[in-house]
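Residues per chain are reported as follows:
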Amino acid sequence: MKSYSIIALIILAIGLSSCSHRPIPVATSYKSSTQQKMQAAHHWNVLAAHVAKRLKDTLDVTFPDINTQPPIHIRFTKDHEEIPFGKAFYHMLRTRLLQKGVVVTTDTEYKDTLLLDFDMQVVHHKDRRLTYPPPGTFSALAGSVWLVSKAIDDWTYPEAAILPFALVADVGLAMDYYLPGETNTEVIISTSVTMGNQYVFGDTGIYYINTGDDDHYFMAGRKFPVVSCSQNSTCP
């Protein structure tokens, strides 16, 4: 028995020593953080309110004289018109800016007009590991097997052994109820304001979305025409 223990210690020592020498860096995780998940048009309105507030605060600092603050024109393209988020966010952002007292124009003819653009980028992660068994999982499973067997052999009411498992299940269901859950699909929403060639304001947010909702943020199946240089004199 003693010889087996010595062999086990030698194997463990070899394993630990090999861990200190690797041909590539050891992967480490970021510190735990949170990220919001968009699942309703209400969330778009919340984002519009956030962007409008930040933009108004920026204008108050950049142009402290409220009587000379330049108007804003929100660029609304055909692509925005055909995308649910694009169309809704345009109207929501315009409304929120007006509620903040910002002058919003329908064109760029006014002097020193600020131009507001917003853009959406959907990201699909194809090889992302969302879940890992938490530390102690296998020890807990082994303890659970022992608890059940002990209850069957010695307990007067062995059915009581199920109570801890029911409690754990309820905790898991409560977490699923209050936490929306991560997905492999995210959207990056960026808003910028320019005056001529100068950026005056910028805001970028990253949000989880349900994979089936990705077409809210981009034109699914969009095809770009290929133009032959022989037919277009502007080609290089």
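An account of the accompanying structure is given in this report. Every chain begins its residue count from 1, and numbering advances along the sequence as written. Local features in this predicted model are restricted to residues of pLDDT 70 or higher, and side-chain atom pairs are both shown and tallied only at a pLDDT of 80 or more, whereas totals for entire chains, interfaces and linings draw on every residue. Only hydrogens and water are removed before side-chain values are computed, so all heavy atoms of the structure are retained for them.

### Details of the environment of Thr 77
For step 1, the next point in the chain: Helix and strand labels come from DSSP, where a helix needs a run of H or I of at least four residues and a strand needs a run of E of at least two; each type is numbered from the N terminus. Mapped onto the secondary structure, Thr 77 falls in the loop between strand E2 (72-74) and helix H3 (78-82).
For step 2, the next point in the chain: Linking Thr 77 and Lys 87, residues ten residues apart in sequence, is a C-alpha distance of 9.3 Å.

### Here's the deal with the pairing of strand E5 (residues 185-195)
For step 1, the next point in the chain: Across ten bridges, strand E4 (residues 114-124) lies against E5 in antiparallel orientation. When the bridges of E5 are listed, Gln 121 appears paired with Ile 188.
For step 2, the next point in the chain: Note on pairing: two strands pair once DSSP finds at least 2 bridges between them. Across ten bridges, the pairing between E5 and strand E6 (residues 198-209) is antiparallel. Residue pairing for E6: Ser 192 is matched across the bridge by Gly 202.
For step 3, the next point in the chain: Counting the residues that bridge the hairpin from E5 to E6 gives two residues, and of these Gly 196 lies at a positive phi of roughly 70°.

### Comments concerning the pattern of salt bridges
For step 1, the next point in the chain: Salt-bridge detection follows one rule: a side-chain nitrogen of Lys or Arg within 4 Å of a carboxyl oxygen of Asp or Glu. Applying the stated criterion to the full structure yields five salt bridges.
For step 2, the next point in the chain: A salt bridge links Asp 57 to Lys 53; its shortest N-O distance comes to 3.1 Å. Residue Asp 57 and its partner Lys 53 are located together in helix H2 (residues 41-62), separated by four residues, close to a single helical turn.
For step 3, the next point in the chain: Overall, Asp 57 belongs to the partly exposed group, its relative accessible area being 37%.
For step 4, the next point in the chain: Measuring nitrogen to oxygen at the nearest pair gives 2.8 Å for the salt bridge that ties Arg 54 to Asp 203. One end of the pair, Arg 54, is in helix H2; the other, Asp 203, is in strand E6, and 149 residues separate them in sequence.
For step 5, the next point in the chain: Judged by its relative accessible area of 7%, Asp 203 falls in the buried class. Think of it in three bands: with a 1.4 Å probe and only protein chains considered, a residue is buried below 20% of the maximum accessible area for its type, exposed above 50%, and partly exposed in between.

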